[in-house]
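Residues per chain, in single letters:
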Amino acid sequence: MRMIATEARDSGRIYIAGGASALIRGWREMTVDVDIKIVPENNRILRALPDVKERLNINIELASPADFVPPLPRWEERSPLIEQIDRVAFHHFDFYTQCLSKLERGHRKDLDDVASMVREKLVDPKKLLVLFREVESQLFRYPAIDPPTLRASVEAFALQ
């Protein structure tokens with residue numbers, strides 16, 4: 001985060017998601033890559049990413065849960081601050097939207113992360129169902145998603 005922040009000349013936010021959030025929260029000891037979303041896009045940071053990747057020997061992906069599922073209403077308000085470094089605020093991407101994305105994908109690691117979110121009270125399963133219903137009509141924008149399957153997953157999750 002510090003290496004990226006030193007490149008910023010303007011204020012902005014970087015949202016961290018997936019395995020990187022799990023690593024920072026202590027749910028995992030390692031991750032395959034670091035998923036980030038830069039708001040607003042910042043050319044200096046984008047140009048610095050290859051050097052950061054090389055120096056730290058990590059894979060950085062410009063990806064967020066919102067690339068795979070509809071972002072849930074008010075996601076930015078629910079994105080907890082990790083750290084403010086100079087002009088850049090680093091946040092976890094909204095855990096509700098991360099949870100929805102992980103339920104959609106359904107991999108074992110994803111489901112373990114979802115269980116950690118619930119255990120740490122970062123996600124309330126019933127609230128996720130309410131938020132999901134607010135965006136369910138937008139699922140057509142995500143052709144990789146099977147809406148009935150995702151709905152069933154979210155409903156089962158809410159009943160736990």
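Residues numbered from 1 in each chain as written. Predicted model: local features only at pLDDT ≥ 70, side-chain atom pairs only at ≥ 80, totals over all residues. Heavy atoms only, no water.

Thoughts on the environment of Val52
Counted only if it meets this: Under the scheme used here, helices are H or I runs from DSSP no shorter than 4 residues and strands are E runs no shorter than 2 residues, and both carry numbers assigned from the N terminus. Throughout, exposure labels follow a simple rule: accessible area from a 1.4 Å probe, protein chains only, divided by the maximum for the residue type, with under 20% read as buried, over 50% as exposed, and the rest as partly exposed. Only heavy atoms enter the contact rule, under which two residues are in contact if any of them lie within 4.5 Å.
Within the secondary structure, Val52 sits in helix α3 (residues 43–56). Residue class for Val52 comes out buried when judged on its relative accessible area of 5%. C-alpha separation for the pair Val52 and Ile4, spaced 48 residues apart in sequence, amounts to 7.4 Å. Dropping the residues within four chain positions of it, Val52 is found in contact with Met3, Ile4, Asn57 and Ile60.

Here's the deal with the nonpolar core
Stated precisely, the cut-off is as follows: Put simply, a nonpolar core is a bunch of buried Ala, Val, Leu, Ile, Met, Phe, Trp, Tyr and Cys residues held in one set by side-chain atoms that sit within 4.5 Å of each other.
Of all hydrophobic cores here, the largest spans 24 residues; its most connected members are Cys99, Leu100, Leu128 and Val154. For this core, the secondary-structure elements that each account for two or more residues are α4 (95–105), α5 (108–119), α6 (125–135) and α7 (147–158). Not counting the four nearest positions on each side in its chain, Leu128 is found in contact with Leu72, Tyr96, Cys99, Leu100, Leu103, Val154 and Phe157. Of all hydrophobic cores here, the second largest spans 15 residues; its members include Ile16, Ile38, Ile45 and Val52.

With respect to the side chain of Asn42
Note the following rule: Contacts described as polar in this section are N or O atom pairs within 3.5 Å, which, within protein, must combine one atom able to donate a hydrogen with one able to accept it, while residues neighboring in sequence count only if both atoms come from side chains.
Tracing the backbone through its elements, the reader meets Asn42 in the loop between β2 (33–39) and α3. Separated by 3.0 Å, the side chain of Asn42 and the backbone nitrogen of Arg44 make a polar contact. Residue contacts for Asn42: discarding those within four places in its chain leaves Ala8 and Asp10.

Considerations on the pattern of salt bridges
Between side chains of opposite charge, a pair can form as their charged atoms come close. Keep this limit in mind: Between Lys or Arg on one side and Asp or Glu on the other, a salt bridge is scored when a side-chain nitrogen of the former is within 4 Å of a carboxyl oxygen of the latter.
What the rule picks out here adds up to twelve salt bridges. Taking the shortest distance from any N to any O, the salt bridge between Glu134 and Arg74 comes out at 3.7 Å. Of this pair, Glu134 sits in helix α6 while Arg74 is found in the loop between β3 (59–62) and β4 (81–85), placing the two residues 60 residues apart along the sequence. Judged by relative accessible area, which is 43%, Arg74 ranks as partly exposed. The partner of Arg108 in a salt bridge is Asp112, with the nearest N and O atoms 3.0 Å apart.

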